[in-house]
Amino acid sequence: MARGYFIAGNWKMHKTRAEAAALARELVAALADGGHKYLVAPSFTALETVAALVRGSNILLGAQNCAVEEEGAHTGEVSVLQLKDLGVQTVILGHSERRHIYKEDDGLVNRKARLALKHGLDVILCVGELLEEREAGKAEAVCRQQTVEGLKGISAAELPRVTIAYEPVWAIGTGKTATPEDADAIHAYIRKVIGELYGSAAAESIVIQYGGSVKPDNAAALMAKENIDGALVGGASLRADTFVPIARF
Ligand code: 13P
């Protein structure tokens, strides 16, 4: 497979700077000879601390969100320029917690993605259906819409800097992983949508991560599927003894 595996840890709203530093140190040591692409996304408050520890390692630094504007009167927001200044290389956008708790819609996610790419950051664009959408047979339609709208105005030249993360909302933090077969089917569908938008070569090369209760005991079976190119890990990314086995699946 030409696509490499990309394993990312989304630390969400966890860890003080000291806790984040301890985990970053452990991961740098444990993954130094790891064979895949790696990223950790700490809270904004720990980015500078973790940046200093992962610099020069094979672990990339991600942020969990960014503002839709470059600067200005946006109380409580953090801009791409500020993230770049801290050494952030990638930003996670459209996470289901941003979409559903903080009501971010596809238009906002798309504007953030375009801004991040414009400033040289890579993007992990998260898509995924709610349980009721899956039960109503709408999983593909939801993922299509979030993919198409999220990528609007993003050029073929920029697409290699975009990773898609399929995170079915019902699988996030619930311990209910999608079966490898169900996840692979949606990944194949998203790849087909990318093909319609950007052509077959782009569809073949785009990296599509799975997220939602990825654990050491299910990672290998998920990664074995043709269309699953990595993982976006929440809970199990918070400790080296659970993230490292996933990262070294
Ligand atoms: P969990 O691995 O805790 O289910 O979270 C997945 C996720 O939301 C990663 O972004």
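Residues numbered from 1 in each chain as written. Predicted model: local features only at pLDDT ≥ 70, side-chain atom pairs only at ≥ 80, totals over all residues. Heavy atoms only, no water.

### As for the site of the ligand
In plain terms, the rule: We call a residue near a given molecule or strand whenever any one of its heavy atoms falls within 4 Å of it. Polar contact criterion, stated in full: a pair of N or O atoms within 3.5 Å, where within protein one must be able to donate a hydrogen and the other to accept it, and residues adjacent in sequence count only if both atoms are side-chain atoms. Exposure was quantified through the Shrake-Rupley algorithm and a 1.4 Å probe, taking into account, for residues, occlusion by the shown protein chains and nothing else. Only Asp, Glu, Lys and Arg are considered charged, only Ala, Val, Leu, Ile, Met, Phe, Trp, Tyr, Cys and Pro nonpolar, and every remaining residue, Gly among them, polar.
Around the ligand sit 13 residues, and of these Lys 12, His 95, Gly 173, Ser 213 and Gly 235 come closest. The side chain of Lys 12 places a nitrogen or oxygen atom 2.8 Å from an oxygen atom of the ligand. Measuring from an oxygen atom of the ligand, one finds a backbone N or O atom of Gly 234 at 2.9 Å. Considered on its own, the ligand offers 310 Å² of accessible surface; in the complex 97% of this is hidden by protein. Partitioned by chemical class, the residues of the shell around the ligand number 4 nonpolar, 7 polar and 2 charged.

### Examining unusual backbone geometry
What counts here: Only DSSP runs of H or I covering at least 4 residues are called helices, and only runs of E covering at least 2 are called strands; the numbering of each starts at the N terminus.
Phi is positive for Lys 12, close to 50°, though the residue is something other than glycine. Among the secondary structure elements, Lys 12 is positioned in the loop between strand S1 (6–10) and helix H1 (17–30). With a phi close to 55°, Ser 213 is a non-glycine residue in the positive phi region. Mapped onto the fold, Ser 213 is located in the loop between strand S7 (208–211) and helix H10 (219–223).

### With respect to the packing of aromatic side chains
Here is the rule we go by: Stacked, edge-to-face and tilted labels apply to pairs of Phe, Tyr and Trp rings (six-membered ring for Trp) whose centres lie within 6.5 Å, assigned for plane angles under 30 degrees, over 60, and everything in between, in that order. For each residue, the accessible area found with a 1.4 Å probe, counting protein chains only, is set against the maximum for its type, and the residue is called buried under 20%, exposed over 50%, and partly exposed in between. The criterion for a charge sitting over a ring is simple: Lys NZ or Arg CZ within 6 Å of the ring centre, and within 35 degrees of the ring normal.
On inspection of all chains with the given rule, the structure shows 2 aromatic pairs. For the pair Tyr 5 and Phe 249, a centre-to-centre distance of 5.0 Å together with 75° between the ring planes defines the contact as edge-to-face. In this pair, Tyr 5 sits in the segment before S1 while Phe 249 sits in the segment after helix H11 (240–247), placing the two residues 244 residues apart along the sequence. Tyr 5 gets classed as partly exposed once you look at its relative accessible area, which sits at 21%. Between Lys 37 and the ring centre of Phe 6, over which it is positioned, the NZ or CZ distance is 4.4 Å.

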